[in-house]
Amino acid sequence: MTVVLITGGFGGLGTAIAARAEQAGATAVRTGRHPGPGGLEHNVCDPASWRQVVDAVLDRHGRLDALVNAAGGLGDTPQDVLSTSPQTWHELLDSHVVGAWLGCREVISRAWPHPFSIVNVSSTAGQMATPGMIAYGAMKAAVRHLTSSIALHCARAGLPIRCNAVAPALVDTGLRDDVLGTVAADLDDALSRYLSRVPLGRLVTPDEVADTVWHLIAGSGPSLTGQVVTLAGGLGLA
């Protein structure tokens, strides 16, 4: 049985990813700072916490096949160039970038007798200018770079570890209104303006992200590594 470790496992995306994995017959182990029933308490910024969580998964299930780095929130908004606090930058750096790197490092440092997949959650905010979310966008761009660097390291080292990422645009989760609030105070107006730039004319759903993550874990070939799959309804094409 495939065992998947999902950080940020009780957020909107983490919950959908866990459900998709379980639908496919896998075991989803969800972690969080304040986990729900069945979850593991986890501070992704703490190397010792990473060791404890991976050890706990191996003790409980006897194996681990995939890691999904989905932890990290939006932070205080809006995040404009002049007023975003250094504290916001540091908090987002730790949760999105350092946390994902520590997870990748913990996995890479162990010997795996079977192929292993890492999937990082990036965002289109890391691919285009986001002056209202400048810190968040910068962190998601860093996750893209981390993904390609981890993939290249593992390939050159001959390790059976692939590393890819998903980069969704605005997803219809609880964070939607916080993001729209960086565009305009009137959320309906902000949504209309945003969707006017999306050729498909709708938001990305959590299930679409989860399906793509599962494909990268279990459905893609062994040569697919170092890639970022964008889910944006055509945003940026026109």
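For the structure itself, look to the data block above.
What counts, and where the lines are drawn
Residues numbered from 1 in each chain as written. Predicted model: local features only at pLDDT ≥ 70, side-chain atom pairs only at ≥ 80, totals over all residues. Heavy atoms only, no water. Helix = DSSP H or I, 4+ residues; strand = E, 2+ residues; numbered from the N terminus. Rg over C-alpha atoms; globule rule 2.2 N^0.38 Å. Contact = heavy atoms within 4.5 Å. Areas by Shrake-Rupley, 256 points an atom, 1.4 Å probe, with all protein chains shown as cover. Lys, Arg positive; Asp, Glu negative; His and termini not counted. Charge placed at Lys NZ, Arg CZ, Asp CG, Glu CD. Disulfide = S-S within 2.5 Å. Buried < 20%, exposed > 50% of the residue type's maximum accessible area, 1.4 Å probe, protein only. Salt bridge = Lys/Arg side-chain N within 4 Å of Asp/Glu carboxyl O. Expected span 1.5 Å × (residues − 1).

Caption draft 1: Structural detail: the overall build of the protein chain. From N to C terminus, the protein chain includes seven helices and seven strands. Taken over the C-alpha trace, the protein chain has a radius of gyration of 17 Å; the compact-globule value for 238 residues is 18 Å, and the two agree within 12%. If one aligns the C-alpha atoms of the protein chain with their principal axes, the spans along those axes are about 50 × 40 × 35 Å. Within the protein chain, contacts between residues separated by at least 24 positions form 72% of all contacts whose residues are at least 6 apart in sequence. Surface summary for the protein chain: the accessible area is close to 11,100 Å², and the carbon and sulfur share equals 53%. Computed over 16 positive and 20 negative side-chain charges, the inter-centroid distance for the protein chain is 9 Å.

Caption draft 2: View of the state of the cysteines. Scanning all chains against the criterion turns up zero disulfides. Just so you know, Cys104 is unpaired, no disulfide at all, and the nearest cysteine sulfur is the one on Cys163, 4.8 Å from it.

Caption draft 3: Structural context of the side chain of Lys140. If you trace the backbone, Lys140 turns up in helix 4 (residues 134–157). Here Lys140 is buried and forms no salt bridge, its nearest opposite-charge partner Asp94 lying at an N-O distance of 14 Å. Dropping the residues within four chain positions of it, Lys140 is found in contact with His96, Val121, Ser122, Ser123 and Gly126.

Caption draft 4: Structural view of helix 7 (residues 206–219). For helix 7, spanning 14 residues, the distance from its first C-alpha to its last is 18 Å, which sits close to the expected 20 Å at 1.5 Å a residue. Taken together, the buried positions of helix 7 are Pro206, Val209, Ala210, Thr212, Val213, Trp214, Leu216 and Ile217.

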